[in-house]
Amino acid sequence: MANIIALGLHHDNQWNLNILQSVWGDSYLRQVIWFTFAQAIASTALTIAIGFPIAYLLARYKFPLHGFINGLVTVPFVLPTVVVAVAFLVLLRPDGWAGGLLGGWWGASPPDLRGTLAAVLMAHVFYNVSVVVRIVGGLLDQLDPAIEDAAAVLGANKWNIFTKVTLPLVRPALISAALVVFLFTFTSFGVVLFLGGPGNSTLEVEIHRQTALLLNLPVAAALSISQLVMVAVLATISLKQQRGAAVEQPLVGGRAGARQRVASTIGERSVVLGMILVSLGFFGAPLLAMVLRSLRSGSTVFTLEWYRRLFGPSSTVLGRSAIEAVWNSLQFAAVATVVAVVVGLSASFVIVRGPEIWRRWFEVLLLLPLGVSAVTVGFGFIVGLDEPPLNLRNSWWLIPMAQALVSTPFVVRVLVPVLASIESRIHEAAAVLGASPLRTLWEVDLPLIGRAVGLAAGFAFAMSLGEFGATVFIARADTVTVPVAIMRLLGLPGASNYGQAMALSSILMALTFSSMLVVSKIRLPQVSA
């Protein structure tokens, strides 16, 4: 970022900061900033309103399709934005599935939702519900059931237990999830670019327009600086709220923490059934449309033609085999996951138990990658790592490093609320019994947070598989990944390229879905105080 800012604001050996005043004095750019805030706030509120009930029901109830629904709500978040945007464009056409449904309700020509704020909000909710499910669900999964059981024994009904016991205990995770969703929607690029239309531009879209179309780097840099400052201020306020809401509580690991049961009353069954139907409809429809499109060629409804062309002996993805792109994606994602988990876990311990004087700044610093678009991160890697002693521009490691940088803040956001909830008396008891800090970490902390670490690792792996914004800047011809190959296929004319892009998108979705299913099966032995 320092290099990008210097490129935009430092000319002729002097800094030109007057551009910041001109940006904030421009009525059009102020309108862009206002819309960026408004759509991010609305997207966050809708995502929490839909995501929290899903996270709660997934954590507390057993039902058919539990694993499938759990993976289904996660897959959209790691799909390339361009693929999801195209899927929503198909759905929201007047003659699409959504158009047909709305037309049936109104009995007249359905509205065209493309290019509207409604389309942007739907796509943002589609993307980010998984953030709420993973972060809030990770803590819900490890709450000690004895707390709620005690409230029930004392005469509290289910509503009072939920509002006065469960909700306060998961409030730090809710704030953490809301912060991540807000930052993601605040810096949204692909969704707004494809679905927002010309009248709904965000800061990210405007930065892209100023850089790529108008070649006005000073204004783009000024907008980037403004965005960073706003993100840092908002992150600081939110983290303060999160720390204030943190409550030490007993956590459990393994199966006991899941506390899933079968819905027994008609009301519970209706709520669970409603959640299943909403999840299948809202999250499944765009993905199903994409899969069906990958199996259709002209008037032929079902064909594997596009898959055969992808993996046939003479077929290539822009000069490289599709198999090579899949292998590259798996390698990069595996390495990025290891780096993200090691760095994220270490950082989480520092944030929760490090010296007070600098851990807050450290936490804000780790959140900054969330406030900077992945495109900017990739561009920054190219600009900042192309000179000795860190000349990594042609290095194989550059892609997993960029992917790890993008996914590490999510690992931290998953682990910090869980670590902060571990009771201090457990560590005090371990110390009294003579356990060293390292042994306490190994035999107490890690088993307690093992489930959350597994979830964070699965999240990081899935995110790295679908990472697009940073990778598209630094991928070479021999290191092309699946998302980059999809983007390049979509940029080529012809039904064959579009069909292969849909087929490759379906393969990426299957890989992501499989990885999340494997993670959901990870269970560690229970440890309690």
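See the structure shown above.
Quick summary incoming for the structure in this document.

Counting its secondary structure elements, the protein contains 25 helices and six strands. Burial analysis of the protein (529 residues in total) assigns 53% to the buried set. A sequence separation of at least 24 residues applies to 80% of the contacts in the protein between residues at least 6 apart. Of the accessible surface of the protein, which amounts to about 23,100 Å², a share of 67% is contributed by carbon and sulfur atoms.

This paragraph deals with the pattern of salt bridges. All chains considered together, the criterion is met by three salt bridges. For the salt bridge of Arg308 with Glu305, the shortest nitrogen-to-oxygen distance reads 3.6 Å. One end of the pair is Arg308 and the other is Glu305, both in helix α16 (residues 305–311) and three residues apart, which spans about a single turn. For Arg309, the salt bridge identified is with Glu305, shortest N-O distance 2.7 Å. A residue pair is termed a helical-turn pair when its members lie 3 or 4 positions apart in one helix, as Arg309 and Glu305 do in helix α16 at four residues.

Taking 1.5 Å of rise per residue, the 24 residues of helix α8 (residues 117–140) would be expected to cover 34 Å, and the 32 Å separating its terminal C-alpha atoms lies within 8% of that figure. In the structure, α8 departs most strongly from a straight axis at Tyr127, where the bend amounts to approximately 35°. Counted residue by residue, α8 has 21 buried out of 24 residues, so it is predominantly covered.

So, about the nonpolar core. Formed by 113 residues in total, the largest nonpolar core has its most connected members in Ile54, Phe63, Val136, Ile449 and Leu504. Broken down by element, this core gets its largest block of residues, 14 residues, from α8. Apart from residues no more than four positions distant in its own chain, Leu504 is found in contact with Leu310, Val482, Ala485, Ile486 and Leu489. Core analysis: the next-biggest nonpolar cluster, separate from the first, contains 17 residues, Leu183, Val219, Ala220 and Leu223 among them.

With that settled, the discussion passes to the layout of surface pockets. Size it by volume and the second largest pocket reaches roughly 610 Å³. Together, 22 residues line the second largest pocket, and Tyr56, Tyr61, Lys158, Arg261 and Glu268 are the ones closest to its centre. A breakdown of the residues in the lining of the second largest pocket according to their chemical character gives 12 nonpolar, three polar and seven charged.

Helix length check: helix α20 (residues 398–420), at 23 residues, gives a terminal C-alpha distance of 33 Å against a target of 33 Å (1.5 Å per residue), a fit within 8%. At Ser407, α20 shows its largest kink, close to 35°, and the proline Pro409 lies no more than four residues downstream. A large share of α20 lies buried, amounting to 20 of its 23 residues.

The rules behind these values
- Residues numbered from 1 in each chain as written.
- Predicted model: local features only at pLDDT ≥ 70, side-chain atom pairs only at ≥ 80, totals over all residues.
- Heavy atoms only, no water.
- Helix = DSSP H or I, 4+ residues; strand = E, 2+ residues; numbered from the N terminus.
- Buried < 20%, exposed > 50% of the residue type's maximum accessible area, 1.4 Å probe, protein only.
- Contact = heavy atoms within 4.5 Å.
- Areas by Shrake-Rupley, 256 points an atom, 1.4 Å probe, with all protein chains shown as cover.
- Salt bridge = Lys/Arg side-chain N within 4 Å of Asp/Glu carboxyl O.
- Expected span 1.5 Å × (residues − 1).
- Bend = angle between axes of the 7 residues up to and from the residue.
- Core = buried A, V, L, I, M, F, W, Y, C linked by side-chain atoms within 4.5 Å.
- 1 Å grid on protein atoms, 1.4 Å probe; cavity = no way out; pocket = protein on both sides within 12 Å on 5 of 7 lines; lining within 4 Å.
- Points joined across faces, edges and corners; volume = space filled by probe spheres on them.
- Nonpolar A, V, L, I, M, F, W, Y, C, P; charged D, E, K, R; others polar.

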